[in-house]
Every structure is written in C-alpha cells, then in structure tokens.
Amino acid sequence: MKKQYDIVIAGGGVIGAACAYFLSKEKDLNIALVDLKKPGNASRASAGGLWAIGESVGLGCGVIFFKQMTQQRAEAEGVDLPPMRPHILPDCFFEFALKSNDMYPALWQELKDKHGVDFKFEKTGLKYIMYDKFDKLYADSIVEQIPGLAEQINWLSAKELAIDEPHINADAIGALEFACDHQVNPYRLNEAYLEAARQNGVELFLQTPVTGVEKQGNKVTGVITEAGTLSCKTMINAAGAWAAELSEMATGIRIPVAPVKGQIILSERLPKILKGCVSTTDCYIAQKDNGEVLIGSTTEEKGFDTTNTLPEIKELANGAMRCIPELKQMNIKRCWAGLRPGTPDELPVLGKMDGIEGYINACGHFRTGILTSAITGKLINDLYRGQPLDIDITPFEYARFLKQKNEQQVPEVAPELA
Amino acid sequence: MTESKHGVVIVGGGTAGISAAAELAQLGIKSVVIDEAPRIGGPVFRGPFREAISLPHLDENLCQKIADIRELYQKNQQYIELRLNTRVLGPSGESALLARHQDEVFEIPYDQLIVATGCHERSVPFDGWQIPGVMLLGGVQLQLKSGLVKPGQRMAVVGTGPLLPLVATQLHKAGVVVTGVFEAGKLGDFAKESRAFLNRPMLALEGVGLLTYLKTNGIPMHYGMGIVSASGEDCLTGITVAQYDRDWYPVKGTEKTLDVDCLAVGYGFVSRNQLTQLLNVAHDNCQISGLKPRVDDWQHSSRPDVYIAGDSVGILGGEAAMMEGRLAAISVAKQQDIISLEQARAKAKPYKNLLDKVKAFRAGFDRIGRRREGLLSLLTADTIVCRCENVTRAQIDEVIEQGVKDITSLKMRTRAGMGDCQGKTCNSYCQDRLRFELKQLDVGEIKPRFPLDPVPFSSLYKEIL
C-alpha cells in the first residue's frame, strides 16, 4: 500500500534539511525528504559564514557585486567613480537574519547532545578591513545606517588590527568589526540537520529526482519521484536555485527564483592564520575548522553554469593576496561554483500561496541560506502547526511580487483617469 | 572546409597521444601535445629519467618500444609542438584549457581536443596498506623503469592481471628476491579464457614466456590467492596472504606469512577521467575501468570537439591506445574535411580490426580479475581509507548506517575525497563499498574540482589591482 505522508519536503539542502529537523522534533508527523545532488547545490558550495550584520549591509558575499554595480553605474553615467555606498537590506531582513543568528549557539549544543552531530560553530566575528579613506567612508556610512546595532560594532585601529590579526596586510588602516557574526561548516550543518531529522523519523529519499507534482484541483496531493509517488497533505518547496521549476509544477506559477553563480577559492590546509572572518571590498576570507582558507565570491547571472573562469578566480586570488600577503607562498587546492537561489529583492520566498492548498515555499534564500536556515526551519514549523510566528513573514510571502506589479501599474493608469 | 584557428590539442604524450599526433602529422595536420612529465611515452614507455649505459633489468622488447615511440615523435616533429612539464588544470571557457608550466598559468586554446590522459592505479585498502614499503604495482614498475632504483630487497607481488608476472620478472632481473606472485584469479579461470587470449597470440606467448621465466628462476606463481594484511612498525616487515574463495574472501586457515620489505599491489587501474568530467562529456560506469567517458567507434565523445583515446576511455593497454590514438586522429581529419568518409573508413579499418582483437583478449583478463566483494573485507575498523583526510573504515561504516546513499553525501559527512588528491586514492573503495551495500551500480561520482592540481596563489598574482 502506498504510504501517506503529512509532509514531503522537496530539496535536501540546508533549508529543506532545517525544515525537516524542526518539523520532526515532536516526532508526531510522517515526513519524507527528497533530494538529488546536482552541480552547484548552494549549501555544499557555501562559505558557511553566519554574517548576520555583514550580509545585511552588503559585505561578505555581495561585496564584489556591489562594487561592480557602483563602477558600472559610474561608467554608464560618465561620472567619476563615486565613493562606494553600502548596500543595506530592509529592516525586515535584519530582524530575520539576527533572530536566526541568535539560535545557533543553542542549536549547536542541541544537535551535538541529542544527535551526536557537530556542525563546527565557531565564534569568529567579522572584520571589514579598510585600506584607505574610501574604505573608511564606506564603513562610516554602514555604521550610520544601523544605529540600533551599536553594541555589536567595534572599531579597530591599525595597531589593534595588527595585534589581533598579525597576518593581515600591515598597510591596512584599521577595521570595523561585527562582534556577533560567526561561522559554521556549511556542509556539516546541512548534514547535521539531515541526520538529526533521520533520527527523528524523517524518511530520506536521497539521490532521488523529483519529476512532477500530483494535484487534485488546486490541492497538492503528492510528489512524483523516480522512487515512486510520495502522497502527502503538504509539500514544501525547498528546491534552492531549482525552486521556480518546482513551484510551476505544483502551482502553475513560476516564483521569481533564479540561480546566481558564485565562484569560490580554497587554499591548502594552513596553520591558523586568521582568528576571525574577514571582508574587504575585494572579497571575503574565512579560515575553516580544518585549516583551509576559503575566499569568495563572485555574483554572476549565468543560468545553471558552474564552471570556474580564470579572470574571476584571479580577481578573488588577488583580493586575498592583498589582504593576507603570505598567501602568495601558499597553494590553491580547489575552486568551485555554487548557485545561490536569487530573488529580485534579495529576500527569501516563505509561506503559503493564495489559492493553493498543501503547498509551502521555503526558498529564495540567496546569499544567506546557511545563516537563515535555523529561523526558516522554525518559522515553517510554526506556520504548518498554526502557531504564532516569531516574526512577521508578510514581507517574504510570494504575494509581495503581485503587489509590486500592481503598484507599478498605477502610474500607467493614472494619467487616463486624470 | 572547417576553418581551423587554434588547431588540435592533445592532452597526454603517452602511447595514445603520440600515436594520434603522428597520425595527424601523416595527414598534414599540426598538433600541440601537452604532457606533465619531462619525457614522452607515458608511464609505460617513458623510459629512464636519466640516461643509463645499459638497462639489464628491462627486456629488449620494452627497450625497443621506448625507442619506437621516441622515433615516431621525431619523424613527425615538424608537425608536433611538444609542451612537456606542463600540467592541465582544467577547461577554461568553451574552447581552451588552462595549464601550468612552472610558475606560469596560461590558456591553451583548441578547435579539437584529443584527451589521452591514461589511467591511474586502483587503490585497494587492507589492514596495513599505508605502511611504508607497500606500493602499487605500477609505481614499483616506474621505480624500475624510470627511476632506475630497486624498490626493495625482498618482495612479493599480489593482485590480478597480466602485469603481475611481468613486474615479478623485471624485479628479479633487477636483483630483487621475489618470494612469490599471488594472483587472485583461479588457474581454472585462466584455462577457460584461453580462447580469449588467442585473439592476440603474440601477447599470449609473451605471457607464457614470463611464466616460464618465473618457473625457471624458482619464483612461485600462486593462483586463487591474495593479500590479507601487511605488518611492520615504521616500515614493512611482513605480509599475510591466503587463498581467496569464489568471492575473494580470504579462506580461514589458509593464511601464510612472508617476510618481505616491499610489496607490490596491483588490483587494476582506473581511467583518469578528471579532465573529461570537467569537460562535461557523457560518462558511463564500468566495473573494470571505473567512470569512463562515452565514445563512439571513432573515439568521438558526446561533445563535437572532444575525442578521447587510450586508457582514459577504458583500460585496454598500450597496443589499444596506439589504435585508439590513430582512430581519433582520423576522426579529426574527417571532421576537418581533410579526408572523406570513405578514406577515413579505409584508413581506420586495420586499426579497428586490431582494436577488436585486443578488446577480446583483454575481456578474458577482465572476467578473471573482476573485483569481488571479498576485497572489501580486508580492512579493520581503524584502517585508513582516505589518506589525505585520515578517514577510517569505521567512519565510513557509520555514515552508511545513517543511510548515506551516494558518494557526495559520504564525502560531505566524512571528508573522504576532500583532500589534495581529490579522491583518486579512496574513491575506488568508497564506491565499491556503496555499490555493495546498496546493490546498485550508480552511487554518484566524486566530482573533480578545478584546478586538477594545486596551483600557487602567486601564479595568479597581478601587480596592479
């Protein structure tokens, strides 16, 4: 007889796995998770930074992208390069990211104690390294825009930086540090959620492609896979960069999630050369738990392409050598590219969709899936069970895109009315 | 005629690569041959790295073949641009390779690419396999042939396949005491395959000659036996061998210990597929050769501009590599409209005929030496499987217990395959193990990463940012 699940989660990246973990904690639901490893899976490709403030103010992953955008705009407008302005995300994102960030110390302990899995949470801080007065201006304007987070911010003088991080370029004029931004091992976090979920009774269908969605009218009734149809009352779309295709199968609507390529460099194992995580305006740098130094990352719209390209790799390598000159004597062990699930407003797509039953979005986490996986798992669980939510998810619902469209249409209509 | 801007690039200056370049030269087509070593010929016919007055431990046949491949290159060298000591790091864009020579990293563009990257050895972990003195069979042979050093004083040879008696003979001629050769295949199986071996009577005869040499010199050849474990503190001092049952599990009570200071282990080879994987051509799983790129009768891959020849497209040995290299060259000439389809067919015919015979010959050994599950039983819980990341069998057991079903998840959870060698050493065990546990052939692949070899940061350094 065909088994009936309460929930089938499509996608076993960090978001799908987190949902599986939080939904299975009470062990009262029949849950299945379906996953297929594909080139570019973002959770495996991620750097593993928990840079709640850093990412919210456009450092870390996005920094090269915003630098390029500033340059392109200046070239297009034929003006001198303006001082780079930080790219600050809206308040709702800060709340989402910071709340998630707060969950990690306890989550780490919980997964270790209850399930024997360790995702290597490390308290590192994130330092924005400044080389010149433009970098300082950039840092100033970040601080200006986040007055509520003053207690998480430290200014380091050149001397203090040199003492704290002696391997960083001695020409640096100082650093701005976000005290609450830390790091984990991203694929261990992903596997830790999965293993804990499995221990809680979630059935894992790994290496299993999803080929379709079964529906009755406007209700999702099953997920069709190569291992057969998994009947369910609710399906969760956690398909990362592939989420648009799945939403179309389930709802007939293509949610605006598209792959955004990021290339990363990894060094050979090195002795400890960085105490904390670092971002410059060229790249970010994090030394991972096993000594490898990870340097990222580009932001490219190249569809599902995951090749590494020399100009971009060179750019990253030079940014890293500028920041840590000793790297010139070291080797690059591996490079790769991941596909972030990007959305037009850089915010995730969470929650139900109007007129569709048995379907929940948990996708579009763009650059911050590792960081926001914890709160996403918790929110989806609360939403499923009809419990009060920790934060208002209205800004993250699919409906926001419809609203934006309507608003854009207003000016077109207005003149005729007048 | 197709306009050729960058021409043909051949990766690998071994038997397949040089044969392809020579055939292209005969057709008036220039090519660039890239090889990581300081000499052409590949591991099999590269010869000594330094000149020696005489090579008494190498038979005349081999010396002749080393001379032949060098002559083949010299005769055609006005058509061949040879780039030695150059390592290919991976593709760069759609029609170029990224390569490294010393501290310089640069692109090599191509119109047509012939991949002839050969193979690497299949590591079979067992209790004690990481003790210094335990070596792979091909590595032992390279020490004799290219390094001109004796790998040990008192040795044993274990594994399966035609290379076992050959290496034992070469070791003996080099002055090593060979205490025994242990072939996992049963003698009866060899007898059953005699028809297959008759496809290449000369090769079969050579094999018989080697066996006669071993017998004459008192080196015992044991069939149906294989390795159990190796022992020694800082270096190898002894090994245990035993009879293998039908599934290659050691039979209790048949163990025999031998005092040796060096062991040659040869349970086969794996196609060197890292570059072809990065080139995104279609691949198939093969029990013998591992993951191998798919090619048609003309050595043409699933990509219109990529051809693959030699052991990198399935382990068949040097003679087949020569034929496949030449076939790839003829295909390229056909694609460039330098010869017609009829001309290509006529030229290819003798090569294809010989290739078919080699395949039939080789199939005999493949049936005998197909790896059996018993090989997976030779590890203790704390035997290290992944030597880069120090992952033990127990750690692999644990994640299989947790329901891991593919090689990528296994890698993520244990770090097996994440080291500098990118899984070339541990992948064979991990895949065989997953296949055995799950009873399915497809367990995913360790995806190679760019760059295929580590590169210094400094090779990417730009003065002005």
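Computed from a predicted structure; not experimentally measured. (Residues numbered from 1 in each chain as written. Chains lettered and ligands numbered in written order. Predicted model: local features only at pLDDT ≥ 70, side-chain atom pairs only at ≥ 80, totals over all residues.)

Q: Just give me the short version of the overall build of chain B, but keep the residues and values in it.
A: Scanning chain B from terminus to terminus reveals 14 helices and 23 strands. For a compact globule of 465 residues, the expected C-alpha radius of gyration is about 23 Å, and chain B comes in at 22 Å, within 12% of that figure. Dimensions of chain B, computed from the C-alpha atoms along their principal axes, are close to 70 × 55 × 40 Å. The buried share of chain B, taken over its 465 residues, is 51%. A separation of at least 24 residues holds for 68% of the contacts in chain B among residues at least 6 apart in sequence. (Helix = DSSP H or I, 4+ residues; strand = E, 2+ residues; numbered from the N terminus. Rg over C-alpha atoms; globule rule 2.2 N^0.38 Å. Buried ≥ 20, exposed ≤ 12 C-beta atoms within 10 Å, placed from the backbone. Contact = placed C-beta atoms within 7 Å.)

Q: Pulling in residues and values, what's your account of the overall build of chain A?
A: In terms of helices and strands, chain A carries 12 helices and 18 strands. In terms of overall size, chain A behaves like a compact globule, its C-alpha atoms giving a radius of gyration of 22 Å where 418 residues would be expected to give roughly 22 Å. When its C-alpha atoms are laid out on the principal axes, chain A stretches across 70 × 65 × 40 Å. Relative to its 418 residues, chain A shows a buried fraction of 52%.

Q: Please give an account of the nonpolar core that cites residues and values.
A: Soluble globular proteins tend to pack their nonpolar side chains together in the buried interior. Core analysis: the largest hydrophobic core is formed by 195 residues, its most contacted members being A:V8, A:A10, A:C19, A:A20, A:Y193 and B:I10. In this structure B:I10 touches B:G17, B:A20, B:A21, B:S31, B:V32, B:V33, B:I34, B:I114 and B:A116, once residues within four positions along its chain are discounted. Ranked by size, the runner-up nonpolar core spans 46 residues in total, among them B:W129, B:V157, B:M225 and B:I227. (Core = buried A, V, L, I, M, F, W, Y, C linked by C-beta atoms within 7 Å.)

Q: Just give me the short version of the pairing of strand β14 (residues 284-287) of chain A, but keep the residues and values in it.
A: Residues and elements named next belong to chain A. The alternating pattern of β14 places Y284 and A286 on one face and I285 and Q287 on the opposite face, and all of these are buried. In terms of strand pairing, strand β13 (residues 277-279) meets β14 through 2 bridges, oriented antiparallel. Looking across to β14, one finds that V278 is bridged to I285. The turn joining β13 and β14, which pair antiparallel and follow one another in sequence, is formed by 4 residues. Summarising the sheet, β14 and strand β15 (residues 292-296) pair through 4 bridges and their orientation is antiparallel. Its bridge partner lying in β15, Q287 is registered against V293. Where β14 folds back onto β15 in an antiparallel hairpin, the turn is made up of 4 residues, including G291, whose phi is positive at roughly 100°. (Pairing = 2+ DSSP bridges.)

Q: Talk me through the sheet that holds strand β16 (residues 262-266) of chain B; I want residue IDs and the actual numbers.
A: Residue and element names in this part refer to chain B. Read from one edge of the open sheet, 5 strands run β9-β16-β10-β11-β12, paired in parallel fashion. Of all strands in the sheet, those bounded by a partner on one side alone are β9 (134-136) and β12 (221-223). When the angles between neighbouring strand axes are averaged without regard to direction, this sheet yields 20°. As paired elements, strand β10 (residues 154-159) and β16 share 5 bridges and run parallel to each other. The partner of V157 across the bridge, within β16, is A264. Its contacts with the sheet put helix α5 (residues 163-173) on β10, β11 (177-183), β12 and β16, and the angle it makes with β11 is roughly 180°. (Axes fitted to C-alpha atoms, helices over the stretch in contact; angles between N-to-C directions.)

Q: Residue-level account of the interface of chain B and chain A, with values.
A: Contacts between chain B and chain A engage 27 residues on the former and 30 residues on the latter. At the level of secondary structure, the elements contributing two or more residues to the side of chain B that touches chain A comprise α13 (407-414) and β23 (455-456) of chain B. Residue composition of the side of chain B that touches chain A, grouped by class: 12 nonpolar, 8 polar and 7 charged. Alignment of strand β16 (residues 331-342) of chain A against β23(B), held across 2 bridges, turns out to be antiparallel. (Nonpolar A, V, L, I, M, F, W, Y, C, P; charged D, E, K, R; others polar.)

Q: Would you mind going over the domain arrangement of chain B in detail, with residue names and values included?
A: We note that the domain assignment places domain 1 (8-120 + 270-339), domain 2 (123-267) and domain 3 (380-438) within chain B. The C-alpha centroid of domain 3 of chain B is placed 31 Å from the C-alpha centroid of domain 1 of chain B. (Domains from an automatic or database assignment.)

Q: Break down the domain arrangement of chain A for me, with residues and values.
A: Residue and element names in this part refer to chain A. Domain boundaries in chain A define domain 1 (4-44 + 187-256 + 345-412) and domain 2 (59-88 + 120-181 + 258-342). Just the C-alpha atoms count here: the centres of domain 1 and domain 2 sit 30 Å apart. Contact with domain 1, which involves 14 residues of that partner, is made by 14 residues of domain 2. Looking at the side of domain 1 that touches domain 2, its residues break down into 8 nonpolar, 4 polar and 2 charged.

Q: Which residues make up the packing of helix α10 (residues 318-335) of chain B against helix α11 (residues 341-369) of chain B, and what values go with them?
A: Residue and element names in this part refer to chain B. At a minimum axis separation of 9 Å, α10 and α11 run at an interaxial angle of 165°. Taken together, the axes of α10 and α11 lie roughly antiparallel to each other. Our pair here, α10 against α11, has a crossing hand that is left-handed. Counted together, E319, A320, M323, E324, R326, L327, I330, A333 and K334 of α10 and L341, A344, K347, A348, Y351, L354, L355 and V358 of α11 form the full contact between these two elements. For the contact of α10 with α11, the residue count by class is 12 nonpolar, no polar and 5 charged. (Parallel < 35°, antiparallel > 145°, perpendicular 65-115°, else oblique. Left-handed = near helix turned anticlockwise from the far one by under 90°.)

Q: Quick rundown of helix α3 (residues 60-75) of chain B? Include the residues and the values.
A: Residue and element names in this part refer to chain B. With 16 residues, α3 extends 22 Å between its outermost C-alpha atoms, agreeing within 8% with the 22 Å of an ideal straight helix rising 1.5 Å per residue. Considered for burial, the residues of α3 that qualify are I66, I69, L72 and Y73. Considered in projection along α3, the buried side chains sweep an arc of 125° and stay on one side of the axis. Residues of α3 that are exposed and point over 90 degrees away from its buried face: E60, N61, Q64, A67, E71 and Q74. Buried residues along α3 sit against α1 (15-26), α2 (42-45) and β3 (80-83). (Expected span 1.5 Å × (residues − 1). Arc of directions from axis to C-beta.)

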